[in-house]
Amino acid sequence: MDLYDFDKNYSIENICGVDEAGRGPLAGDIFAAAVILDYKSPIFGVNDSKKISKKKREILYDEIVEKSVAYSIASASVYEIESLNILNATLLAMKRAVEGVLLKAKIGLVLVDGNRCPILENNDVHSKFIINGDCMSASIASASILAKVSRDRYMVENSRIYPEYFFEKHKGYGTKLHYKMIDENGLCDIHRNSFLKKYFIKKEKHLDRAPNRGEDIARKYLLRKEYSIIETNFRVYYGEIDIIAIKDDIIYFIEVKQRKTLSLFRPYEAVNTSKKDKIIKTSLLFLSENKEYALKQSCFCIIEVYISEDEKIKINYIIDAFN
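Residues numbered from 1 in each chain as written. Predicted model: local features only at pLDDT ≥ 70, side-chain atom pairs only at ≥ 80, totals over all residues. Heavy atoms only, no water.

Trainee: Please clarify how the overall build of the protein should be interpreted in this entry.
Mentor: Helices and strands together make up the secondary structure of the protein, namely 10 helices and 10 strands. The C-alpha atoms of the protein give a radius of gyration of 26 Å, which is well past the 20 Å a tight globule of 323 residues would have. Taking the principal axes of the C-alpha coordinates as reference, the protein spans close to 80 × 40 × 35 Å. In the protein, buried positions account for 49% of the 323 residues. Sequence-distant contacts, at least 24 apart, represent 63% of the contacts inside the protein between residues at least 6 apart. (Helix = DSSP H or I, 4+ residues; strand = E, 2+ residues; numbered from the N terminus. Rg over C-alpha atoms; globule rule 2.2 N^0.38 Å. Buried < 20%, exposed > 50% of the residue type's maximum accessible area, 1.4 Å probe, protein only. Contact = heavy atoms within 4.5 Å.)

This is the structure:
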């Protein structure tokens, strides 16, 4: 039985397939789509979006939009994911997608991929969940393609807003590249903080076991220069400050960069605009939690530590680096 035969076997007109894309990523909204196919205009090659190449998905997306009786694409925001949890946010996005189709056509039956159906306000519309439905039903497979392509495009748009995370490459999933960018830049506004709690707990334990040598050298350097260290590795979910120090009644928020060789770039170029914003935001939280420092003058600095192969150490200290 092919995917179209599965739907036709219900002998019901206007079957509406529903699927989602983006339950697993660490960042971005979750998307859902609902589709009523026109059996008189079948679409060759429709299948689970995960089994189709990116190029093929893009082609099928346009064909589904053109040939379907009705379709709707909806989403649930990162805020809703964090507030409701990912399951309820998924069901909310699906509900919105189905309601979008209801504005355009009458639905005979809703087929939902997975093991749970969204609660619909229209009691006349019946729904049925199909486990692995995107591999069995043409309608659900079509919805999976619309949801997947729409979400991928959304993540590409976000890559232009947050270029330092390379969202266009990993689409927010927990790849090695994505985790590396999180380590370097902290979190941005579209990250799902609840999805990263375990990662940061694990990372903090690892940092406690393996101190950063460059930071240790920077601390000793500051102490020799008669700075007092207030705190090291002040971390919140969206950022971290390596060293917080005080001298002459000025608070210094210091980012440490360790390198093996001298760089062609100026030291301050190692900290991009997004990183600066996160350090400033983190510093404001520190000051709000430590009222005794709140009224003092603040300064943002970068210490770059070079450790050569023969263990020679060079330090560049850039005071007021963000200006």
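Trainee: What exactly am I supposed to notice about the sheet that holds strand β8 (residues 250-259) here?
Mentor: Whether parallel or antiparallel, the strands of a sheet pair through hydrogen bonds between backbone atoms. Read from one edge of the open sheet, five strands run β6-β7-β8-β9-β10, paired in mixed fashion. Two strands lie at the open edges of the sheet, namely β6 (228-236) and β10 (313-318), each paired on one side alone. When strand polarity is set aside, the average angle formed by the axes of neighbouring strands in this sheet is 25°. Inspection of the sheet shows β6 paired to strand β7 (residues 239-247) by seven bridges, in the antiparallel sense. Bridging from a neighbouring strand, R235 pairs with E240 of β7. Helix-sheet contacts for helix α9 (residues 213-224) involve β6, β7, β8, β9 (297-307) and β10, and the interaxial angle to β9 is about 120°. (Pairing = 2+ DSSP bridges. Axes fitted to C-alpha atoms, helices over the stretch in contact; angles between N-to-C directions.)

Trainee: Before we go on, may I ask you to explain the packing of aromatic side chains in this structure?
Mentor: Given two aromatic rings, one states the distance between the centres and the angle between the planes to describe the pair. Enumeration according to the criterion identifies 14 aromatic pairs in this entry. Both rings, one in Y162 and one in F167, keep their centres 6.5 Å apart while their planes meet at 85°; by these two values the pair is edge-to-face. Judged by centre distance (4.5 Å) and plane angle (35°), the ring pair of Y179 and Y199 falls under tilted. Linking Y179 in helix α7 (residues 176-185) with Y199 in helix α8 (residues 197-209), this pair joins segments that are 20 residues apart in sequence. Here the aromatic cluster, defined as three or more aromatic residues joined through ring pairs, consists of F234, F253, F286, Y293, F300 and F322. In this structure, K104 is placed above the aromatic ring of Y71, and the distance from its NZ or CZ to the ring centre is 4.9 Å. (Phe/Tyr/Trp six-rings, centres within 6.5 Å; stacked < 30°, edge-to-face > 60°. Lys NZ or Arg CZ within 6 Å of the ring centre and 35° of its normal.)

Trainee: How should I be thinking about the side chain of S137 in this particular structure?
Mentor: Positionally, S137 belongs in the loop between β5 (127-130) and α5 (138-161). Polar contacts involving the side chain of S137 include one to the main-chain amide nitrogen of I140, which spans 3.2 Å. In this view, S137 contacts L3, F6, D7 and L111; residues no more than four positions away in its chain are not counted. (Polar contact = N/O pair within 3.5 Å; in protein donor to acceptor, adjacent residues only side chain to side chain.)

Trainee: For this particular structure, what's the right way to read the pairing of β8?
Mentor: For a regular strand, side-chain orientation follows a simple rule: the groups alternate between the two sheet faces. Counted residue by residue, β8 has eight buried out of 10 residues, so it is predominantly covered. Where β7 lies against β8, five bridges are found, and the strand directions are antiparallel. Looking at the pairing, I244 lines up with F253 of β8. Here β7 hands over to β8 after two residues, with D248 in that stretch at a positive phi of 55°. Pairing analysis gives 10 bridges linking β8 to β9, with the strands arranged parallel. Bridged to V256 within β9 is I303.

Trainee: Looking at this structure, how should I read the environment of E240?
Mentor: In this structure, E240 sits in strand β7. You can call E240 buried: its relative accessible area is 17%. In this structure E240 touches K203, N233, F234, R235, E255, I279 and T282, once residues within four positions along its chain are discounted. In terms of polar contacts, E240 uses its side chain to reach the side chain of N233, at 3.0 Å.

Trainee: Please explain helix α2 (residues 54-67) as it appears in this structure.
Mentor: Spacing of three or four residues puts side chains on the same side of an α-helix, whose turn is 3.6 residues. Compared with an ideal rise of 1.5 Å per residue, which puts 14 residues at 20 Å, α2 spans 20 Å between its outermost C-alpha atoms and is within 8% of the ideal. Those residues of α2 that fall on the buried side of the exposure criterion are R57, L60, Y61 and I64. Within α2, the buried residues cover an arc of 115° as seen down the axis, which keeps them to one side. In α2, those exposed residues whose orientation departs by more than 90 degrees from the buried face are K55 and E66. In this structure, the buried side of α2 is in contact with β2 (30-36), β3 (70-76) and α5. (Expected span 1.5 Å × (residues − 1). Arc of directions from axis to C-beta.)

Trainee: Teacher, can you tell me more about the nonpolar core here?
Mentor: If you look at soluble globular proteins, the nonpolar side chains tend to sit buried side by side. Residues C16, V18, I107 and V110 are the most contacted members of the largest nonpolar core, which totals 25 residues. Secondary structure elements with two or more residues in this core: β1 (15-21), β2, β3, α4 (86-102) and β4 (109-113). For this core, the element with the highest residue contribution is α4, accounting for eight residues. Excluding residues within four positions of it along the chain, I107 makes contact with N14, C16, I36, V98, V101, L102 and V125. In terms of nonpolar packing, the next biggest core, distinct from the first, is built from 22 residues, L196, I251, I279 and L287 among them. (Core = buried A, V, L, I, M, F, W, Y, C linked by side-chain atoms within 4.5 Å.)

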